[in-house]
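The lines below spell out each chain.
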Amino acid sequence: MNLHKNSGRLVLPFFALLVLSLFSACKKDKESVNSYLPEEGHLVITFTHRFNIADYEEGKRIVVEDFSAAIKNSGQTRRTYFMSNPDSAEVYVVSFFQPGSSPTEWLNSDERDAVLQRLYPLYREPLVVEEYTTELVHNTHLLADNTPEHLPEPGDKVVVYNGFYTQGTYDIAVGIVTNDFTEVIENSGFKQRSYFMLNPDLFEVLSLGFIHPSANIDDWLQNSEHLMLADSLGNLAIEPLTVGRYTLDLAHNSQ
């Protein structure tokens, strides 16, 4: 009897803790969906940080921690994905701006410049900054209320395709990426959230795919339909497509 009573004292707090944890997780998911999410037409800036191998960990820490704090302090409404690849000593940051939040204001802000001053000595190559407009946001799985079943979260694997085209092939490439690629993603059965972004001034198309941990990124990259479309895009491009592989470290909402 005493043993049973003692066990009861342990089970009740554990059960209460489990319920609280589940409630917190549901609340977190609800808050994520209700926070700012990028939409078609929203402006995007990407930042590519390439560090000296010896300085990679410190550089990554500064980018993820200090830039996320600076973005929050800016008062802008943004969703920013911080991704990394230790093999290439690279940190890739993609920041979506809600209308009313100015990319120019951010690029010229004192807080951003203060963080950059600490990063410059750690770079092996100059920082690359590029601007785009969101053309399409695609989810493979939706909930009953039409919200995404999966939003990018730390640990997701990320595939980034980038291609430059001619004026004559650009619209064809955009069609392949926004129509055919999304169909292949759906057919694959993998759970993904994808962003397709354009820079028409440079005839450039950028694709960003966040793959749910339940899917194997290598299986997706070797998917036959996927490879066929990649070849089609490669044949249209004026230079070889670049394919980046990263792991998501932080999905940051500033508001």
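Here is a short report on the structure shown in this document. Note that this is a predicted model, so its numbers are computed, not measured. (Residues numbered from 1 in each chain as written. Predicted model: local features only at pLDDT ≥ 70, side-chain atom pairs only at ≥ 80, totals over all residues. Heavy atoms only, no water.)

So, unusual backbone geometry
Comment: phi is negative for the bulk of residues other than glycine, and the bulk of peptide bonds are trans.
Then comes step 1: Its identity is not glycine, yet Ala89 carries a phi of approximately 50°, on the positive side.
Then comes step 2: In this fold, Ala89 is placed in the loop between strand 2 (78-85) and strand 3 (90-97).
Then comes step 3: With a phi angle near 55°, Phe203 is a residue other than glycine that sits in the positive phi range.
Then comes step 4: By relative accessible area, Phe203 is classed as partly exposed at 26%. (Helix = DSSP H or I, 4+ residues; strand = E, 2+ residues; numbered from the N terminus. Buried < 20%, exposed > 50% of the residue type's maximum accessible area, 1.4 Å probe, protein only.)

With respect to the side chain of His212
Then comes step 1: Note on placement: His212 falls in the loop between strand 7 (204-211) and helix 6 (217-221).
Then comes step 2: Among the polar contacts listed, one links the side chain of His212 to the side chain of Ser214, at a separation of 2.8 Å.
Then comes step 3: If sequence neighbours within four positions are ignored, His212 has contacts with His150, Asp156 and Lys191. (Polar contact = N/O pair within 3.5 Å; in protein donor to acceptor, adjacent residues only side chain to side chain. Contact = heavy atoms within 4.5 Å.)

Description of the nonpolar core
Then comes step 1: Membership of the largest hydrophobic core comes to 26 residues, with the highest contact counts inside it found for Val159, Tyr165, Val205, Trp220 and Leu233.
Then comes step 2: At the level of secondary structure, the elements contributing two or more residues to this core comprise strand 5 (157-164), helix 5 (170-188), strand 6 (192-199), strand 7, helix 6 and helix 7 (224-236).
Then comes step 3: For this core, the element with the highest residue contribution is helix 5, accounting for eight residues.
Then comes step 4: Excluding anything up to four places from it in sequence, Leu233 contacts Tyr165, Ala173, Ile176, Val177, Phe181 and Leu241.
Then comes step 5: Membership of the second largest hydrophobic core comes to 22 residues, among which are Val63, Val64, Phe67 and Ile71. (Core = buried A, V, L, I, M, F, W, Y, C linked by side-chain atoms within 4.5 Å.)

Any functional reading would require information beyond the geometric quantities listed.
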